[in-house]
Amino acid sequence: MIVSTGANGRGGGAIRVEGDRWHVTLAGMLGDHPPTDPVGFAAFANTISSPDIHDIVTSSEPLDEAVPHRFRSPVRRRFERLGTVPQGFLVLGDALCSFNPLYAQGMAVAAQQVMALRDCLHDGAESADLPTRFYSAASKVVDVAWQLSAGADLSHPGVLGPRTPRTRLTNAYVARVQRAAHVDPLVARTFLRVANLVEPPTALLHPRIASRILLRGNARPVAPPDFGGQPSVDRTPILTEPTR
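Residues numbered from 1 in each chain as written. Predicted model: local features only at pLDDT ≥ 70, side-chain atom pairs only at ≥ 80, totals over all residues. Heavy atoms only, no water.

With respect to the pattern of salt bridges
(1) Moving on: Applying the stated criterion across every chain yields a total of ten salt bridges.
(2) Moving on: For Arg10, the salt bridge is made with Asp32, and the minimal N-O distance between the two is 2.6 Å. Placement of Arg10 in strand E2 (residues 10–17) and of Asp32 in the loop between strand E3 (21–29) and helix H1 (38–45) is noted, with a sequence separation of 22 residues between them.
(3) Moving on: With a closest N to O distance of 2.4 Å, Arg78 and Glu80 form a salt bridge.
(4) Moving on: Taken together, the shared-partner salt bridges connect Asp184, Arg212 and Arg216 into one network. (Salt bridge = Lys/Arg side-chain N within 4 Å of Asp/Glu carboxyl O. Helix = DSSP H or I, 4+ residues; strand = E, 2+ residues; numbered from the N terminus.)

This is the structure:
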């Protein structure tokens, strides 16, 4: 069960595990830290846009204290732009690019980087330019996920950062996609496949999908979150994830 951050910047998730137990995560943005005490944890769960997670929290017995995790900033290291790359090792996964964990992209992108490395090794494992070839291929893999997550971050008014006309247009279109997905199963399926990096973002521009989005995405948008005008210090959202 996943509840994306709503108009108040709050969301969460619940995963059923063995032994009739649940692993529950609550998330807040831009310094909105979910409490770790039982009463505060339940109260925070009651403020997210769907009641399901709150129902799990209040109808279950906690097995341990909530554990806070705060993620301050996504980081991308552009090895592909170096004139000379270090020899003898390759950087993968979070060491190459760490994403806002709200979007659950890290493991998928790391797996795609491994696939890019596999292809580079097939083309010449002993070649001196292997690191350069790999970083070039990996950057194309990272680009898609980075653009998706950065664009989603910049849709929050409290996040500082450059909002180009392309960014604004993309976020306006994605907002229509999300509204259409509430009533159109095909749009919902395509959007989830794009968000989970199964299909490229261009899948949402296919005429068959775009026509459904434009037709069914006209519902009145949800009011943007009000964070009191307090921007993030480092131009990225602050995520906190107390997990129980």
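Okay, back to it.
Focus: the side chain of Gln113
(1) Moving on: The topology assignment puts Gln113 in helix H3 (residues 106–122).
(2) Moving on: Within polar-contact distance, the side chain of Gln113 engages the backbone nitrogen of Gly93 at 2.8 Å.
(3) Moving on: Discounting chain neighbours no more than four positions away, the residues touching Gln113 are Leu92, Gly93, Leu96, Phe134, Ala138, Val141 and Val142. (Polar contact = N/O pair within 3.5 Å; in protein donor to acceptor, adjacent residues only side chain to side chain. Contact = heavy atoms within 4.5 Å.)

Topic: the packing of aromatic side chains
(1) Moving on: One pass over the structure, following the stated rule, counts three aromatic pairs.
(2) Moving on: Between Phe79 and Tyr135, the aromatic rings sit 4.9 Å apart at their centres with planes inclined by 20 degrees, giving stacked as the arrangement. Linking Phe79 in the loop between strand E5 (75–76) and strand E6 (97–98) with Tyr135 in helix H4 (residues 130–154), this pair joins segments that are 56 residues apart in sequence. Across this residue pair, the class does not change: Phe79 and Tyr135 are buried.
(3) Moving on: Geometrically, the ring pair formed by Phe134 and Tyr135 is tilted, given 5.4 Å between the ring centres and 55 degrees between the ring planes. Note on accessibility: Phe134 and Tyr135 belong to one class, buried.
(4) Moving on: In this structure an aromatic cluster arises from ring pairing among Phe79, Phe134 and Tyr135. (Phe/Tyr/Trp six-rings, centres within 6.5 Å; stacked < 30°, edge-to-face > 60°. Buried < 20%, exposed > 50% of the residue type's maximum accessible area, 1.4 Å probe, protein only.)

Keep in mind these values describe shape, not function.
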